[in-house]
Amino acid sequence: MKILMASPYPPYPPNNGGRTRQWELIQYFGQRHDLTVVYNAFTEEEYGRQKSIGDCCEKAIAVKHPQKHLSSDLPDLQKLPWPIRTFRTREMLKTLEEIKSVNFDAAIIEYIFMSSYRELFPVCSLLHEHNIESNIFKQYAEISNVSEETIFGMKKDRTFWKATWMLMAEYENNMWPTFPLRITVSENDKQAMDRRCSSGRTIVIDNGVNTQTVNLIQNVNSRKILFMGTMDYYPNTDAASFLVKSVMPFIWTKNPGISLCIAGLNPPQSVTDLASDPRVEVIANPVDMREVAAMCCLTVVPLRLGGGTRIKILDSMAMGLPVVSTSLGCEGLTVSDGINILIRDDPGQFADAVLQIFSDDILKKTLRVNGRRLVEEGYDWGPAFRRLERELLQVAEKIRGQKSKSDGEWGD
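These remarks concern the structure in this document. (Residues numbered from 1 in each chain as written. Predicted model: local features only at pLDDT ≥ 70, side-chain atom pairs only at ≥ 80, totals over all residues. Heavy atoms only, no water.)

### Here's the deal with the packing of aromatic side chains
So, point 1. Going through the model one piece at a time under the given rule, you end up with 22 aromatic pairs.
So, point 2. Between Tyr28 and Phe385, the ring centres sit 5.8 Å apart and the planes meet at 50°, which makes this aromatic pair tilted. You can see Tyr28 sitting in helix α1 (residues 17–32) and its partner Phe385 sitting in helix α15 (residues 381–411), a full 357 residues away along the chain.
So, point 3. Given a relative accessible area of 8%, Tyr28 falls into the buried group.
So, point 4. Chaining the aromatic ring pairs together yields one cluster made of Trp82, Phe137, Tyr140, Phe152, Phe160, Trp161 and Tyr234.
So, point 5. Lying across the ring of Tyr47, Lys64 places its NZ or CZ 4.8 Å from the centre.
So, point 6. The ring centre of Phe160 lies 5.3 Å from the NZ or CZ of Lys156, which sits over that ring. (Phe/Tyr/Trp six-rings, centres within 6.5 Å; stacked < 30°, edge-to-face > 60°. Helix = DSSP H or I, 4+ residues; strand = E, 2+ residues; numbered from the N terminus. Buried < 20%, exposed > 50% of the residue type's maximum accessible area, 1.4 Å probe, protein only. Lys NZ or Arg CZ within 6 Å of the ring centre and 35° of its normal.)

### A closer look at the nonpolar core
So, point 1. By size, the foremost hydrophobic cluster in this structure holds 59 residues, and its most contacted members are Ile225, Ile251, Ile262, Val300 and Val354.
So, point 2. The leading source of residues in this core is helix α9 (residues 234–254), at nine residues.
So, point 3. Beyond its immediate chain neighbours, meaning those up to four positions away, Ile225 contacts Met248, Ile251, Ile258, Ser259, Leu260, Cys261, Cys296, Leu298, Val300, Val354 and Phe358.
So, point 4. Of all hydrophobic cores here, the second largest spans 44 residues; its members include Leu77, Ile132, Trp161 and Phe179. (Core = buried A, V, L, I, M, F, W, Y, C linked by side-chain atoms within 4.5 Å. Contact = heavy atoms within 4.5 Å.)

### Things to note about the packing of helix α13 (residues 347–359) against helix α14 (residues 361–378)
So, point 1. Their axes nearest at 5 Å, the elements α13 and α14 cross at an angle of 100°. Here α14 runs roughly perpendicular to α13, going by the angle between their axes. Together, Gln356, Ile357 and Ser359 of α13 and Asp361, Leu363, Lys364 and Leu367 of α14 make up the contact between the two elements.
So, point 2. Class assignment of the residues belonging to the contact of α13 with α14 gives a composition of three nonpolar, two polar and two charged. (Axes fitted to C-alpha atoms, helices over the stretch in contact; angles between N-to-C directions. Parallel < 35°, antiparallel > 145°, perpendicular 65-115°, else oblique. Nonpolar A, V, L, I, M, F, W, Y, C, P; charged D, E, K, R; others polar.)

### Examining the pattern of salt bridges
So, point 1. Throughout the structure, instances matching the rule amount to 15 salt bridges.
So, point 2. In this structure, Lys138 engages Glu142 in a salt bridge whose closest nitrogen and oxygen atoms are separated by 2.6 Å.
So, point 3. Residue classification places Lys138 among the partly exposed positions, given a relative accessible area of 30%.
So, point 4. The closest approach of N and O atoms between Asp352 and Lys254, which form a salt bridge, is 3.1 Å. (Salt bridge = Lys/Arg side-chain N within 4 Å of Asp/Glu carboxyl O.)

### A closer look at the environment of Glu142
So, point 1. Relative to the helices and strands, Glu142 resides in the loop between α6 (133–141) and α7 (158–175).
So, point 2. Each C-alpha atom of the pair Glu142 and Arg158 lies 7.5 Å from the other, and the pair is 16 residues apart in sequence.
So, point 3. For Glu142, the side chain forms a polar contact with the side chain of Lys138, separated by 2.6 Å. (Polar contact = N/O pair within 3.5 Å; in protein donor to acceptor, adjacent residues only side chain to side chain.)

### Topic: unusual backbone geometry
Trans is the common state for peptide bonds, and a negative phi is the common state for residues other than glycine.
So, point 1. Between Tyr12 and Pro13 the backbone carries a cis peptide bond, its omega angle lying at 0°.
So, point 2. Locating Pro13 in the fold gives a position in the loop between β1 (2–7) and α1.
So, point 3. Phi is positive for Phe152, close to 55°, though the residue is something other than glycine.
So, point 4. One non-glycine residue, Asn285, lies in positive phi territory at about 50°.
So, point 5. Its location among the elements puts Asn285 in the loop between β10 (280–284) and α11 (289–293).
So, point 6. Exposure remark for Asn285: the relative accessible area of 39% places this residue in the partly exposed category.

Here is the structure:
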């Protein structure tokens, strides 16, 4: 098949959850089909990643995003929610219009942010939803002191976030039915989407990990715990602050020798400031997160906001790092408290769970072994993408058949 993938961001390097999922998908489909990847580039460095991406597919096209100079004269642009307007650019529109003559058999639209280009590809179009974005904005609107928080690099009041949430929900309700096939990363997101959209079909393609390329970490003497993620993403920023200010004091009271490593992309000042405590290390933009993880003995996921599922948990389990998470942090994964993960929401109980792993070698081994087994047996990218490929082929064939029948009737 000739397949187009349109992404709001560069899918390489795979240094956060969304990019990892996209990159694995590109490698899978790139080996089996004629795949063209189009993405927005916000810097010259991102523009230059075309070659790395193109090595794994038929063609990669970077489109320079105008950023502060967004088009204002595109039809109906002002009617769109601002997150959609951000990615509705004249540059991307021109690029996609130029390549639509390729006659793609299918188009994979990454994120709702790129869905406004659906109109250009009346072929089998698949919407790949990594989160339900309106749910994330709803959570922002419900933060008690939201006007004091920096989200997407700006400070806005509750009215702004509530309006964004409502407009995004309306946009999703209108856009989802235009896709014959929609992909979510969790059953929770699928159920939420199905309640709001009765036409087309929604399936779950779980997040995963390539266990064949991930070795177990053997660092039994480490006294360092790890929190990793995209640090300019507000749910992770909030989690880092919650961890240092509300969880770590309980840990340090009982075991002052434990240290914390916070590692990830683009940490804002509020996160780097957490390293003013010498027991906290902040590593910005690590080249290889697994090298950072190799210095640690367990992973914490203290999320209080967000959606989708956490590739960071699957990666940790694949490396043999025990995981302590909040309920929201591991939502959507088929994990079991006390078997392959520890789940705690109260700050004190979360801290006690971390300390328990340090003091109980049997528990530590149980979590290591069962976590690795879970990802090996249930979260491998291969089976997940093979299912997606079958679904896409079936829908594309059905649409081709309907088009052929329609063309035949017109010819008569």
